[in-house]
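Next come the chains, spelled out residue by residue.
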Amino acid sequence: MKSVVILISGRGSNMQALVEAGLPVAAVISNNPAAEGLTFARTRNIPARAIDHRAFSDRVAFDAALTEAMDAYKPDLIVLAGFMRILSEPFVDHYQGRLINIHPSLLPAFTGLDTHQRALDEGVKIHGCTVHFVTSQLDHGPIIIQAAVPVLADDTPATLAARVLAQEHRIYPQAVRWFLQGQIVLAGNHVEIKTAAGGQEVLYSPGIEL
Ligand code: GRF
């Protein structure tokens, strides 16, 4: 049985989508004891614990404690799902090639925070989300899968975020499934997906009414 550990900091809707997709989630860990997502995980009898980063003197000490807690589950894959912490280099190195993140933009556009507001400010016509391997450069790293959504004339950051989030919930389980089935080949900065259509089959957002 494969083992996936999910790190969250808040709501945990992506984590919930992964659990509901039937993926082998061994544990959910949060740096925030008040993260709503911990409650959901517990209702599903998934080990869920908080390791409060404020109890540690520095980032490396926190990351070391986190690593120890995660490694108890012998994870094949670490999934960051709204985990709002910058990761130290030793942490990223330790999990290289088995650490992935979801970001609410079509990377490399709009790294960092407030992506939906910034997309509206720039007047882009297409926005979306990206699942990528994590490297020590924030919101960079080899891209596994993306989904695009239209930006509509009357969008607010909230309406755009909701449209993107629906796609996050679709592509993140797909990426994790591909990973666990050995269908993701990482070569330098490029990812090859070993499906008939090379992963293209899920890039666009079906069912969006204009
Ligand atoms: C998502 O938009 C994700 O892309 C970003 O943080 C948000 C987390 O939402 N990294 P949730 O906690 O999964 O609901």
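About the cut-offs
- Along every chain, residues carry numbers that run from 1 in the direction the sequence is written.
- Two thresholds apply to this predicted model, a pLDDT of at least 70 for residue-level local features and 80 or more for giving and counting side-chain atom pairs, whereas whole-chain, interface and lining totals are computed over all residues.
- Side-chain measures here rest on the full set of heavy atoms in the structure, leaving out hydrogens and waters.
- Whenever a carboxyl oxygen of Asp or Glu lies within 4 Å of a side-chain nitrogen of Lys or Arg, that contact is scored as a salt bridge.
- Only runs of H or I of at least four residues qualify as helices and only runs of E of at least two qualify as strands under DSSP, and these elements are numbered from the N terminus.
- Remark: exposure states derive from per-residue accessible area (1.4 Å probe, protein chains only) relative to the maximum for the residue type, with buried under 20%, exposed over 50%, and partly exposed in between.
- Note on aromatic pairs: the rings of Phe, Tyr and Trp (six-membered ring only in Trp) are paired at centre separations within 6.5 Å, and the planes decide the class, stacked below 30 degrees, edge-to-face beyond 60, tilted for the rest.
- Geometrically, a charge over a ring is one whose NZ (Lys) or CZ (Arg) sits within 6 Å of the ring centre while staying within 35 degrees of the ring normal.

A.B. asks: Quick one: what's the story with the pattern of salt bridges, residue by residue and with numbers?
C.D. replies: Inspection of the entire model under this criterion finds four salt bridges. Here Glu20 and Arg44 are joined by a salt bridge, their closest N and O atoms 3.2 Å apart. Residue Glu20 is located in helix H1 (residues 13-20), and its partner Arg44 is located in the loop between helix H2 (36-43) and strand E3 (48-50); the two are separated by 24 residues in the primary sequence. Accessibility expressed as a relative area gives 48% for Glu20, which makes it partly exposed. With a shortest N-O distance of 2.9 Å, Arg54 and Asp52 are connected by a salt bridge. Taking the relative accessible area as the measure of exposure, Arg54 reaches 62% and is therefore exposed.

A.B. asks: Give a description of the packing of aromatic side chains that names residues and reports values.
C.D. replies: Evaluated as defined, the whole model comprises three aromatic pairs. Geometrically, the ring pair formed by Phe56 and Phe62 is edge-to-face, given 5.7 Å between the ring centres and 65° between the ring planes. Given a relative accessible area of 28%, Phe56 falls into the partly exposed group. Residue classification places Phe62 among the buried positions, given a relative accessible area of 1%. The ring of Phe62 has Arg85 sitting right over it, with the charged end atom 5.1 Å from the ring centre.

In short, geometric facts, not functional conclusions.
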